[in-house]
Amino acid sequence: MSDLQRRGFLAGMAALSVSAWLPGCVSTSADSGGNTAPARRIDVHHHFVSPGYSAALKQLGQGHAKWSVQMSLDDMDKSGIQTSLLSLIQPAMTVGDVALGRKMAREANEHAAKLASTHKGRFGSFAALPYSDINGSLAEIAYALDTLKAEGFCLMTSYGGRYLGDPAFWPVLEELNRRKAVVYTHPLSPECCGKISSPVSVSAIEYAVDTTRTMASLMFHGAAARYPDIKWIFSHSGGVTPFLVSRFEREENFTKGLKEKVPTGFRHELARFYYDMAQGNHPGALDALLHIAPVSQFLYGTDYPFRDGAEVNEALAKYQRFSAAERHAIDRGNALRLLPSLGAST
């Protein structure tokens, strides 16, 4: 076992110990699908659609996956999920219209807060931001945290061809850092690759790559080190990042001036990012992820309604390298450490 894995195990044990006295927390059973145990999982990758957002997408000529509150609750109940953190189905606020982006974000965030209030303990919110609109984002950060009491924020991986660490966005990152915010990210198909001829969907490849592009942007533009109090969550076990580590090492070693932007090294940043397990829960992905981050940074995620809880439960139950304590940490303990306010309502 590597030092990184050993630290992950110890963190998992710590999460298990903490969870023992957190309100309502119970252990995860080891059944094959995880569906009958009172696991009280916390899903950090769970999409929703607000009425206003649905109407806006229709106005823009775009559709979205079928979703309803009852659909979410039914799958959560089947899958042992106590609480889901709601985030908008993509493309969220990447529409390029400032006024519309502000309107869409506000309506969606208020709707998510209403769902969390109506279904106490079942939903939390990662509020949307019109990220490329600096003033709109700063206003929405204050409203979402101070008035709506959102648990954090959801950002897409890119906005107008710019990735999250681009210096153009640093005023928003500065405020998120000041607030010590949790920021969950979700990939898009990048503008460069939407028309590639391929026998598989663009999302099958490009979503994972776009997550890695935005992680590289945050690290190598210097934003991750400059704003260390932002807690970043990356979808799908970090995309293809674990497989490109040697290439990033070469960039770090041979790019002039990079040391000043990543003073503690990119591996340090990778080890403190958080990663959800949605669609990245097969052995190859998990083995690779264990080489860049400890288990303390792994979070349960389903990608509902595109995937369901049964899929991730079964995959994690079959993975032989996680102990019971580590499984519990992934299911719930790590999320409670990251978002302690959830402990009061779950």
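Small disclaimer: the values here were computed from a predicted structure and weren't measured.

### Overview of the confidence of the model for the protein
No. 1: Averaged over all residues, the pLDDT of the protein is 88; the fraction at 70 or higher stands at 87%.
No. 2: Low pLDDT, under 50, characterises residues 5-37; the predicted model gives this stretch 61 contacts beyond four residues in sequence or across chains.

### So, the packing of helix α2 (residues 51-59) against helix α4 (residues 98-118)
Helices that pack against each other are described as a pair by the angle of their axes relative to one another and the distance between those axes.
No. 1: Interaxial distance between α2 and α4 falls to 7 Å at its minimum, and their mutual angle equals 150 degrees. Across from P51, G52, Y53 and A56 in α2, the residues of α4 making contact are L100, M104, E107 and H111.

### Some words on the environment of Y319
No. 1: Turning to its location among the elements, Y319 is positioned in the loop between α13 (309-318) and α14 (324-338).
No. 2: Taking the C-alpha atoms as reference, Y319 lies 6.5 Å from P283; in sequence the two are 36 residues apart.
No. 3: Look past the residues within four positions of Y319 in its chain and what remains in contact with it is P283, L286, D287 and L290.

### Comments concerning the pairing of strand β2 (residues 81-88)
No. 1: β2 sits mainly inside the fold: eight of its eight residues count as buried.
No. 2: Relative to β2, strand β1 (residues 41-48) runs parallel, the two sharing six bridges. Looking across to β2, one finds that I42 is bridged to T83.
No. 3: Sheet analysis places β2 next to strand β3 (residues 123-128), joined by three bridges and oriented parallel.

### Some points on the sheet that holds β2
No. 1: With parallel pairing, eight strands are arranged side by side in an open sheet as β1-β2-β3-β4-β7-β8-β9-β10. The sheet terminates laterally at β1 and β10 (298-299), the two strands that pair on one side only.
No. 2: When β3 meets strand β4 (residues 152-156), the two strands line up parallel, connected through three bridges. In the sheet register, A128 faces β4, and the bridge partner there is C154.
No. 3: Contacting β1, β2 and β3, α4 crosses the sheet at an angle of about 170 degrees to β3.

### Examining the environment of S237
No. 1: With respect to the helices and strands, the residue S237 is situated in the loop between β8 (231-234) and α9 (245-254).
No. 2: Overall, S237 belongs to the buried group, its relative accessible area being 2%.
No. 3: Residues contacting S237, with those up to four places away along its chain left out, are P242, Y275, D276, M277, A278, G280, L286 and L289.

### Concerning the packing of aromatic side chains
For any pair of aromatic rings, geometry is given as the distance between the ring centres together with the angle between the planes.
No. 1: Counted under the stated rule, the structure contains 12 aromatic pairs.
No. 2: Ring plane angle 80 degrees and centroid distance 6.0 Å describe the contact between W170 and Y227, whose orientation is recorded as edge-to-face. Of this pair, W170 sits in helix α6 (residues 170-178) while Y227 sits in the loop between α8 (223-226) and β8, and the two are 57 residues apart along the sequence. Pair check on accessibility: W170 and Y227 agree, each one buried.
No. 3: Every member of this aromatic cluster is reached through a ring pair, and the members are Y131, Y159 and F169.
No. 4: Over the aromatic face of Y143 sits the side chain of R106, whose NZ or CZ is 3.8 Å from the ring centroid.

### Examining the side chain of S137
No. 1: Topologically, S137 is positioned in helix α5 (residues 134-147).
No. 2: Look at S137 and you get buried, because its relative accessible area is 0%.
No. 3: For S137, the contacting residues outside a window of four places in its chain are L129, P130, Y131 and V172.

### Observations concerning the environment of G161
No. 1: Among the structural elements, G161 can be located in the loop between β5 (158-159) and β6 (162-163).
No. 2: By relative accessible area, which is 47% here, G161 ends up partly exposed.
No. 3: Placed 30 residues apart in sequence, G161 and E191 show a C-alpha to C-alpha distance of 6.5 Å.

The rules behind each value
Residues numbered from 1 in each chain as written. Predicted model: local features only at pLDDT ≥ 70, side-chain atom pairs only at ≥ 80, totals over all residues. Heavy atoms only, no water. pLDDT = per-residue confidence, 0-100. Contact = heavy atoms within 4.5 Å. Axes fitted to C-alpha atoms, helices over the stretch in contact; angles between N-to-C directions. Helix = DSSP H or I, 4+ residues; strand = E, 2+ residues; numbered from the N terminus. Buried < 20%, exposed > 50% of the residue type's maximum accessible area, 1.4 Å probe, protein only. Pairing = 2+ DSSP bridges. Phe/Tyr/Trp six-rings, centres within 6.5 Å; stacked < 30°, edge-to-face > 60°. Lys NZ or Arg CZ within 6 Å of the ring centre and 35° of its normal.

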